[in-house]
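# Overview (structure and organization)
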Amino acid sequence: MTVLCSRTLGPVRAGRCVLVLVFGALGLACVPAARAQCPTLFAAPVNFGVGAAPEAVAVGDFNGDGRPDLAVANYVDNNVTVLVGTGYGFLPPNNIAVGLNPASVAVGDFNGDGRRDLVVANFIGSTLSVLLGNGNGTFGAPVNYLVGNGLGLGGGPACVAVGDFNGDGRPDLVSANNLNNNVSVLLGNGNGTFAPQVNYAAGAAPQSVAIGDLNGDGRLDLTVVNGNTPAAGVSVLLGNGNGTFAPQVAYPVGVQPRSVAIGDLNGDGRPDLAVANYDSNTVSVLLGNGDGTFGATANIAAGSTPFAVAIQDVSADGRPDLILPNFLTNTVSVLLGTGGGAFSAPVGFATGNRPRALAVADISGDGRSDLAVVNYSSNNVSVLLGTVTGNSGVFTQQPAVQQLVQQGQPATFTATATAGGAPITYRWRRNGVPLSDGGNISGAASGTLTINPAGPGDSAGYDVQAFLTCFGQLSLVATSSTAGLSVAPPSPPPTYCPASFGTPDFSSAGANPFA
C-alpha cells in the first residue's frame, strides 16, 4: 500500500457532448473521440468551486454509490469541501468546519464500519481533525488530536497520511510537522479514536510524508520530505512492525523539496521514490535497492515550481508516469515513463490559478486516469479527464504462425500494423526480448524480420510491437500474435550404396564392350 500526501461524471462516451448541471448552472461537457493516433492524455480542465485557498485533495467514495468523491482542505476558510461525484460532475459543495488552517486531508475507515472517514491536518492549529463518515456523503463533527509540540499551536502539521503501522488491522495516522522537524504517529483504537502522538525526528521543515513497505518485510515504513535541507531532503524511517520506527536515514534531493511519492519506477518490483523540488524545477528519482536503502539521486527537469508529485500510468502503456502541478505557471506536467526509471521531457496541461496539489483517480468511471488539481488562488478544483484508451493500433497482417526451415537457410517474418495513418515504428522480439540488427538479424525495426542464416539458437517464438512516437518517446499501440520458428538440422549428404559384386570379368563374354 502506498499513500501520497500531496497527490493526490454515468460515463460520457468518447465523441459525445452532454448537458450537465454544475452548481445550478447548465454547462456542456465533452469527451474527445478516441483516435488511433498519439494520445492527448487529458481533455481541457473543467473547474469546480471550493473554499478559499485550497491546499490538498483526497479521493474516496463517501456515499457508497461506487463513484469517486473529492475532499478538499481549504486553508483560509478553516474547512473541508466535500464534492460528491455523480458520474458526470459533482453535487453542490458541502463545507465542513475543521481546525485552524487545514493543509492536508486523507481518507480511511477509522472505526471499521465500512464507511469512508476523513482526517485533516490543521497547520496553525497543530491538530489532526478526525471526521467519521455517515455513509451518505456527510460527516460527523470533528474530533481533534494534538500533534507536533502538543501545545495546540506551533507544530505546523503540513501533511497527514493513513496506514496500519502495528499490524493490528486498524488504521493509524502520521503527520509531518513542518515547524517541529518531526513526524507524529497516532495508533488507531479501531473505534474511530486514536492514542496520543509519539514523535520521531525528521529533517528540517518536513513538508510531506508517504507510506510504503520499502524493505519488503511486510511492515510499513515512512518517507518524509524535509523542505529546508536539500542535502538531507528525504528521510526514510523503517517500521518495526509494532507502531514504532527506526531513526531516520536521509538522502539528498533537489532544492526546496515539497512532496514525495512511492512507486516502482523501473519495473524491478522494488519501491522507488519521486520527490518534487520547488526551487530547482526538478523531480528527484531515487531507485530502491529493496532493503530500505536507495541509490544515487537522479534529478530530472520537471515543470516550473512543482509543488507535488504523483505516480500513475496515465498513458496506459504499462509504465509508471510522473504527474506534477506547477505552482507559478498554472499547469500540470506529465513525464511519461520510458522504462528503467527514465522519463520523457515534461508535457504541460493547463489548470486553474496556482495549482498546489493533485489526486489521480478514475473520476468519470470510464477506466481512464483522470486528474483533480486544487488551485490555491482561483479557489477551485480542475478536473482533467483522461483521454488515453491504451492500445489504439491494429495488425492488418500477422506474422506466419509457424515456420520450419533448415539450418543455414533464411527465415523471414512479415507483419503490418496501422494506427489511423500515423507512421509506425516496429520492434521485433524473440521470446519477449527485443532484437536489434546485427549478426544474422536484419529488419528488427521494420515490418519484415530476416534471420539469415538461421541457426539452432534461432528456434523460438517471435512477435512484433507497433509504436507511435508520442511526446518524444515511443508509445506502444499494438502487439502481434506470436509466430514460431523451428530450425531443423541440415540435410545429410547423399548416400551411395557400394556394388555388391567384384570387378566385372569380361573374359568369358569376349571383348570388353566398354573398351
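Everything in this summary refers to the structure shown in the same document. These figures come from a predicted structure and were not determined experimentally. (Residues numbered from 1 in each chain as written. Predicted model: local features only at pLDDT ≥ 70, side-chain atom pairs only at ≥ 80, totals over all residues. Heavy atoms only, no water.)

### Some details on the pattern of salt bridges
Cut-off, in case you're wondering: Here, a salt bridge means any side-chain nitrogen of Lys or Arg that lies within 4 Å of a carboxyl oxygen of Asp or Glu. Labels follow the DSSP assignment, with helices taken as runs of H or I lasting at least four residues and strands as runs of E lasting at least two, numbered in each case from the N terminus. The buried label goes to any residue with under 20% of its type's maximum accessible area, the exposed label to any with over 50%, and the partly exposed label to all in between, with areas taken from a 1.4 Å probe on protein chains only.
Under the defined criterion, the tally for this structure stands at four salt bridges. Across the pair Asp458 and Arg430 runs a salt bridge, and its minimum N-O distance is 2.9 Å. Of this pair, Asp458 sits in the loop between strand S40 (448-451) and strand S41 (460-470) while Arg430 sits in strand S37 (residues 425-430), and the two are 28 residues apart along the sequence. The class of Asp458 is buried, set by a relative accessible area of 7%.

### Remarks on the packing of aromatic side chains
Test applied: Within 6.5 Å between ring centres, the rings of Phe, Tyr and Trp (the latter by its six-membered ring) count as paired, and their orientation is classed by plane angle as stacked under 30 degrees, edge-to-face over 60, tilted in between. We count a charge as sitting over a ring when the NZ of a lysine or the CZ of an arginine lies within 6 Å of the ring centre and within 35 degrees of the ring normal.
Counting across every chain of the model gives 15 aromatic pairs. When the centroid spacing of 5.5 Å and the interplanar angle of 85° are considered together, the rings of Phe42 and Phe349 count as edge-to-face. Placement of Phe42 in the loop between strand S2 (25-30) and strand S3 (46-49) and of Phe349 in strand S29 (residues 347-350) is noted, with a sequence separation of 307 residues between them. Assessed through its relative accessible area of 12%, Phe349 is described here as buried. Plain terms: the ring middles of Phe327 and Tyr376 are 6.4 Å apart, the flat faces sit at 55° to each other, and that makes the pair tilted. With Phe327 in the loop between strand S25 (321-326) and strand S26 (331-335) and Tyr376 in the loop between strand S31 (370-375) and strand S32 (380-384), this pair connects stretches of sequence that are 49 residues apart. Overall, the relative accessible area of 24% leaves Tyr376 in the partly exposed class. The rings of Tyr278, Phe307, Phe327 and Tyr376 are connected pair by pair, giving a single aromatic cluster. The ring of Tyr278 carries Arg258 above its face, with NZ or CZ at 5.1 Å from the centroid.

### Overview of the sheet that holds strand S14 (residues 182-186)
For clarity, the threshold we go by: If DSSP finds at least two bridges between two strands, the strands pair. Under this scheme, a helix contributes an axis fitted over its contacting stretch, all axes are lines through C-alpha atoms, and angles between N-to-C directions fall in the 0 to 180 degree range.
One open sheet accounts for four strands, arranged S12-S13-S14-S15; its pairing is antiparallel. On the outer flanks of this sheet lie strand S12 (157-163) and strand S15 (198-201), each paired with one strand and no other. Between one strand and the next, the sheet's axes are offset by a mean angle of 25°, whatever the strand orientation. Taken together, the five bridges between strand S13 (residues 172-177) and S14 define a ladder with antiparallel strand orientation. Opposite Asn177, over in S14, you have Asn182 as the bridge partner.

### Regarding the side chain of Asp172
Which entries qualify depends on this criterion: The convention is simple: Lys and Arg are positive, Asp and Glu are negative, and His and the chain ends are not counted. Contact criterion: two residues are considered in contact whenever any of their non-hydrogen atoms come within 4.5 Å of each other.
Of note, Asp172 is situated in strand S13. Of the buried charged residues, Asp172 lacks a salt bridge, with Arg170 as the closest side chain of opposite charge at 7.8 Å. Leaving out residues up to four positions away in the same chain, Asp172 has contacts with Ala161, Val162, Gly163, Asp164, Phe165, Asn166, Leu186, Leu187, Gly188 and Phe194.

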